[in-house]
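What follows is each chain in one-letter form.
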Amino acid sequence: MDASSLHIPVMLERCLELLAPAIGRPGAVVVDGTLGLGGHSEAMLERFPELTLIGLDRDPEALRLAGERLARFGDRFRPVHTTYDGVDEAIAGLGFDAVDGALYDLGVSSMQLDLPERGFSYAKDAPLDMRMDTTAELTAERVVAEYPEAELRRIFRDYGEEKLAQRYASFIVKARAQHPITRTMQLVDVLQAATPAAISKQGHPAKRVFQALRIEVNQELAVLERAIPRAIDALNLGGRLVVMSYQSLEDRIVKRIFQARSSSTAPAGLPVELPEHRPELKLLTRGAELASDEEKERNPRSAPVRLRAVERVREHVRGAS
């Protein structure tokens, strides 16, 4: 399997443009927090010949394929098997105090979607797996089989923003009492049976449920809540962080953290802003940037992307929160 043939990096040139002032420096270090198949990493290593890149991924297969793709860069590429909230430990474990840039391309990877046996797609029959890290214990099959109806309803509502969360949870519980639901198409059949005809015309009934199960299995939002502050704290002065989100729940988390840390913390009415109250970050994008129409046509997976970027403008005291 060829990693480069499976993946078209989203908003590649814009990412490189935003990161360039920080990672183009001699001896710069950058973290690709979501290595995947290494498309963004390959471009950064090619564009910036003195750059060292730390590539994080929880998926052993992604690390293997990206490692083959990036082997020609020698020790300029440093892979680490971890979730992206392990960014601080990964950096320290490789002997670095801080980094000059970080890139997070969130969500499920092209490889995970395109390999039916991973169970992420509601369009292909496969075991109900959905683990990004195939060494982890929790699978979508276990969630569907073991979670109480109320918990399924909460997941579908909170992580899938699914209006029929209660109805879907109820149908799943009734169906699993008759026979185990172990495959993606079995679950799709249950969801289709639960969907009123008028609503079924508004899009595939499994889309939001599968998203919710994937987020639950991989704890994506909890990991993201921890990862973004840690990535910010790991930046040198002038360092830059670029984050691409593909659904509103992720983007809200990124937006909230970026806004909080790009605002002054000085109490109201203070005549002079003390250095420790100054914003840590400068926003580099006005709101969230979208892929161009040309890119959406060329790479349909870029259609939902929301890109935000920041630069560290105040020195971070290591060890401080």
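Residues numbered from 1 in each chain as written. Predicted model: local features only at pLDDT ≥ 70, side-chain atom pairs only at ≥ 80, totals over all residues. Heavy atoms only, no water.

A word on the sheet that holds strand β2 (residues 52-57). One open sheet holds the seven strands; their spatial order is β3-β2-β1-β4-β5-β7-β6, and the pairing between them is mixed. Edge positions in the sheet fall to β3 (77-81) and β6 (281-283), since each has one partner strand and no second. When the angles between neighbouring strand axes are averaged without regard to direction, this sheet yields 20 degrees. Summarising the sheet, strand β4 (residues 99-105) and strand β5 (residues 235-245) pair through six bridges and their orientation is parallel. For Gly101, the partnering residue across the bridge sits in β5 and is Arg240. Those strands touched by helix α4 (residues 60-70) are β2 and β3, and its axis lies near 170 degrees from that of β3. Strand contacts of helix α14 (residues 248-261): β5, β6 and β7 (306-312), with the helix running at about 25 degrees to β7, the strand carrying the most contacts. (Pairing = 2+ DSSP bridges. Helix = DSSP H or I, 4+ residues; strand = E, 2+ residues; numbered from the N terminus. Axes fitted to C-alpha atoms, helices over the stretch in contact; angles between N-to-C directions. Contact = heavy atoms within 4.5 Å.)

We now examine the confidence of the model for the protein. Here the protein averages 91 in pLDDT, while 92% of its residues score no lower than 70. Within the model, the stretch residues 1-5 combines pLDDT values under 50 with seven contacts to residues more than four positions away or in other chains. (pLDDT = per-residue confidence, 0-100.)

To continue, consider the UniProt feature "binding site: S-adenosyl-L-methionine" (unreviewed entry) in the protein. As recorded in UniProt, the sites labelled "binding site: S-adenosyl-L-methionine" (unreviewed entry) are Gly38, Gly39, His40, Asp57, Tyr84, Asp105 and Gln112. Looking at where Gly39 falls in the secondary structure, it is placed in helix α3 (residues 39-47). On the basis of relative accessible area, Gly39 is assigned to the buried category, the value being 4%. (UniProt positions renumbered as here; feature names shortened; annotations may be inferred. Buried < 20%, exposed > 50% of the residue type's maximum accessible area, 1.4 Å probe, protein only.)

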